[in-house]
Amino acid sequence: MQVQEHAQTAEEFLAVSEHEFMAGDNLQASEKLWGAASHAVMAVAQQRGWRYSKHRDLTVAVRKLSEETSDPSIVAGFVAAQQFHANFYHDFIEDYDYDSARGVVQDFVNQMLTLVD
């Protein structure tokens, strides 16, 4: 995939996750939200020539971006996205936490996409 394809996939997954949340399928929505976040990071990392093929690579890229921009919310957004990834497997996020937590990830994805040329 090319940079723009990762960015487009991130946007598509973000929309699908919202649809899944509205339909009440929180597990599928969680996985799509994680997919949106990971593809957004992949786009930025690929554009900058950084590694992005493994989960660890994405974590390193996020830390680099946070340091580069002096913005700790980047790490917080990625950590929230990782929670949704884990939630897909373990179903531990409480219903009352979905709205606030998914807003953090949505903001993270949108922030990452602004960094893509």
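Residues numbered from 1 in each chain as written. Predicted model: local features only at pLDDT ≥ 70, side-chain atom pairs only at ≥ 80, totals over all residues. Heavy atoms only, no water.

**Q** What should I look at first to understand the overall build of the protein chain in this one?
**A** Summing up its helical and strand segments, the protein chain has five helices and zero strands in all. Listing each helix as α and each strand as β along the protein chain from the N terminus yields α-α-α-α-α. Structurally, the protein chain occupies a C-alpha span of about 40 × 25 × 20 Å along its principal axes. Taken over 117 residues, the protein chain has a buried fraction of 44%. Of all intrachain contacts in the protein chain linking residues separated by at least 6 positions in sequence, the fraction that spans at least 24 positions is 62%. Carbon and sulfur atoms make up 51% of the accessible area of the protein chain, which totals about 6,200 Å². Both charge centroids of the protein chain, one from 8 positive and one from 18 negative side chains, sit 13 Å from each other. (Helix = DSSP H or I, 4+ residues; strand = E, 2+ residues; numbered from the N terminus. Buried < 20%, exposed > 50% of the residue type's maximum accessible area, 1.4 Å probe, protein only. Contact = heavy atoms within 4.5 Å. Areas by Shrake-Rupley, 256 points an atom, 1.4 Å probe, with all protein chains shown as cover. Lys, Arg positive; Asp, Glu negative; His and termini not counted. Charge placed at Lys NZ, Arg CZ, Asp CG, Glu CD.)

**Q** How should I be thinking about the packing of aromatic side chains in this particular structure?
**A** For any pair of aromatic rings, geometry is given as the distance between the ring centres together with the angle between the planes. For the structure shown, the criterion picks out six aromatic pairs. Pairing Trp34 with Phe78 gives two aromatic rings, centres 5.6 Å apart and planes at 50°, and the pair type is tilted. Here Trp34, found in helix H2 (residues 26-47), pairs with Phe78, found in helix H4 (residues 73-90); they are 44 residues apart in sequence, far enough to count as distant. Feature note: the residues Phe21, Phe84 and Tyr98 constitute an aromatic cluster, connected by ring pairs. Seen from the ring of Phe21, Arg102 lies directly overhead, with NZ or CZ sitting 4.5 Å from the centre. (Phe/Tyr/Trp six-rings, centres within 6.5 Å; stacked < 30°, edge-to-face > 60°. Lys NZ or Arg CZ within 6 Å of the ring centre and 35° of its normal.)

**Q** Honestly, H4 in this entry has me stumped. Any pointers?
**A** For an α-helix, the turn length of 3.6 residues means that residues three or four places apart are oriented alike. In this model, H4 (18 residues) spans 25 Å end to end at C-alpha, consistent with the 26 Å of a helix rising 1.5 Å per residue. Of all the positions in H4, only Ile74, Gly77, Phe78, Ala80, Ala81, Phe84 and Asn87 are classed as buried. Summarising the axial view, the buried residues of H4 lie within an arc of 165°, below the 170-degree limit, and thus occupy one face. Exposed side of H4, more than 90 degrees from the buried face: Tyr89 and His90 are the residues found there. A positive phi of about 50° marks Asp91, the residue just after H4. (Expected span 1.5 Å × (residues − 1). Arc of directions from axis to C-beta.)

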